[in-house]
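The lines below spell out each chain.
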Amino acid sequence: DVKVTQSSRYLVKRTGEKVFLECVQDMDHENMFWYRQDPGLGLRLIYFSYDVKMKEKGDIPEGYSVSREKKERFSLILESASTNQTSMYLCASSLYVQGADQPQHFGDGTRLSIL
Amino acid sequence: AQSVSQHNHHVILSEAASLELGCNYSYGGTVNLFWYVQYPGQHLQLLLKYFSGDPLVKGIKGFEAEFIKSKFSFNLRKPSVQWSDTAEYFCAVVRNRDDKIIFGKGTRLHILP
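The structure contained in this document is the topic of the report that follows. Worth saying up front: this structure is predicted, and the values here are computed from it rather than measured. (Residues numbered from 1 in each chain as written. Chains lettered and ligands numbered in written order. Predicted model: local features only at pLDDT ≥ 70, side-chain atom pairs only at ≥ 80, totals over all residues. Heavy atoms only, no water.)

Some points on the nonpolar core
For step 1, the next point in the chain: Y25, L33, W35, L48, F74, L76 and Y89 of chain B are the most contacted members of the largest nonpolar core, which totals 30 residues.
For step 2, the next point in the chain: Counting residues per element, the ones that place at least two in this core are strand 2 (10-14), strand 3 (19-21), strand 5 (31-38), strand 6 (45-50), strand 8 (64-68), strand 9 (73-78), strand 10 (87-95) and strand 12 (107-112) of chain B.
For step 3, the next point in the chain: Listed in part, the 20 residues of the second largest apolar core include L21, Y47, A81 and Y89 of chain A. (Core = buried A, V, L, I, M, F, W, Y, C linked by side-chain atoms within 4.5 Å. Buried < 20%, exposed > 50% of the residue type's maximum accessible area, 1.4 Å probe, protein only. Helix = DSSP H or I, 4+ residues; strand = E, 2+ residues; numbered from the N terminus.)

Structure (structure tokens):
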């Protein structure tokens, strides 16, 4: 069974801090994703990655960056946290199969509060 | 831009009622379609998916969805809901040429015991 592990379930940080959210998957998936989930807005894609050291902007990349130094790990970075980044952050991974998009497997989420 | 619309934001039903949650997408080409579910306090998980073939797809826990290409729809159905179906449901679409998945805004389903 695929396991996507997010390092923290709950996190509280202060405005202006640099925040790191870590995600690890154990199924050798090529694709990894970071979303934020807000009530009434559903899931919005922040960044995704198809391979090590590769990254692509999603729909709302502003204020975020990512790092994928190893295949199994995908980090989301808030360079200078702001209160509007208080949210639930979800990491997901999927297998790459050419011409057939595979389902994404999600972690439990990190509920981040910026004070 | 491609979009996914879920018509109902909140749905409240009694146990044993029939369920249909609407999902429409805007892209006209070939698509892959998904329904995900998030039970309270749990992570998002796949309920069912459509890639090709029979447009009526059966998923876990008695759910099914029908892909109607002419209507750009992929509605989720269950003939008789249970209290344990209380959750948030997300429809999602991926174009074959583009690996970026687009999620709908979700439908919160409350089942009254």
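Quick look at the interface of chain A and chain B
For step 1, the next point in the chain: Each partner contributes to the interface: chain A provides 22 residues, whereas chain B provides 22 residues.
For step 2, the next point in the chain: In this assembly, chain A packs against chain B so that about 1,800 Å² is buried in total across both faces, 53% of it on carbon and sulfur atoms.
For step 3, the next point in the chain: Where chain A touches chain B, the interface holds zero salt bridges.
For step 4, the next point in the chain: For the side of chain A that touches chain B, the secondary-structure elements that each account for two or more residues are strand 5 (31-38) and strand 6 (42-49) of chain A.
For step 5, the next point in the chain: In terms of residue count, strand 6 of chain A provides more of the side of chain A that touches chain B than any other element does, four residues in total.
For step 6, the next point in the chain: Classifying every residue of the side of chain A that touches chain B by side-chain character gives eleven nonpolar, seven polar and four charged. (Contact = heavy atoms within 4.5 Å. Buried area = accessible area lost by both parts, 1.4 Å probe. Salt bridge = Lys/Arg side-chain N within 4 Å of Asp/Glu carboxyl O. Nonpolar A, V, L, I, M, F, W, Y, C, P; charged D, E, K, R; others polar.)

Notes on the environment of K78 of chain B
All names here are of chain B.
For step 1, the next point in the chain: Along the chain, the position of K78 falls in strand 9.
For step 2, the next point in the chain: Overall, K78 belongs to the buried group, its relative accessible area being 7%.
For step 3, the next point in the chain: Along the chain, K78 and A65 lie 13 residues apart, while their C-alpha atoms are 8.6 Å from each other.

Quick word on the layout of surface pockets
For step 1, the next point in the chain: As a volume, the largest pocket reaches approximately 510 Å³.
For step 2, the next point in the chain: Lining the largest pocket are 26 residues; nearest its centre among them are Q37 and R111 of chain A together with Q38, E88 and R108 of chain B.
For step 3, the next point in the chain: Among the secondary structure elements, those contributing two or more residues to the lining of the largest pocket are strand 5 and strand 10 (87-94) of chain A together with strand 10 and strand 12 of chain B.
For step 4, the next point in the chain: When grouped by side-chain class, the residues that make up the lining of the largest pocket number nine nonpolar, ten polar and seven charged. (1 Å grid on protein atoms, 1.4 Å probe; cavity = no way out; pocket = protein on both sides within 12 Å on 5 of 7 lines; lining within 4 Å. Points joined across faces, edges and corners; volume = space filled by probe spheres on them.)

Let's talk about unusual backbone geometry
For step 1, the next point in the chain: Notably, K53 of chain A is not glycine yet its phi reads approximately 65°, a positive angle.
For step 2, the next point in the chain: By the element assignment, K53 of chain A lies in the loop between strand 6 and strand 7 (56-57).
For step 3, the next point in the chain: For K53 of chain A, a relative accessible area of 61% puts it in the exposed group.
For step 4, the next point in the chain: In this structure, F72 of chain B takes a positive phi of about 50° despite not being glycine.
For step 5, the next point in the chain: Considering the arrangement of structural elements, one finds F72 of chain B in the loop between strand 8 and strand 9.
For step 6, the next point in the chain: Note on F72 of chain B: relative accessible area 33%, which makes it partly exposed.

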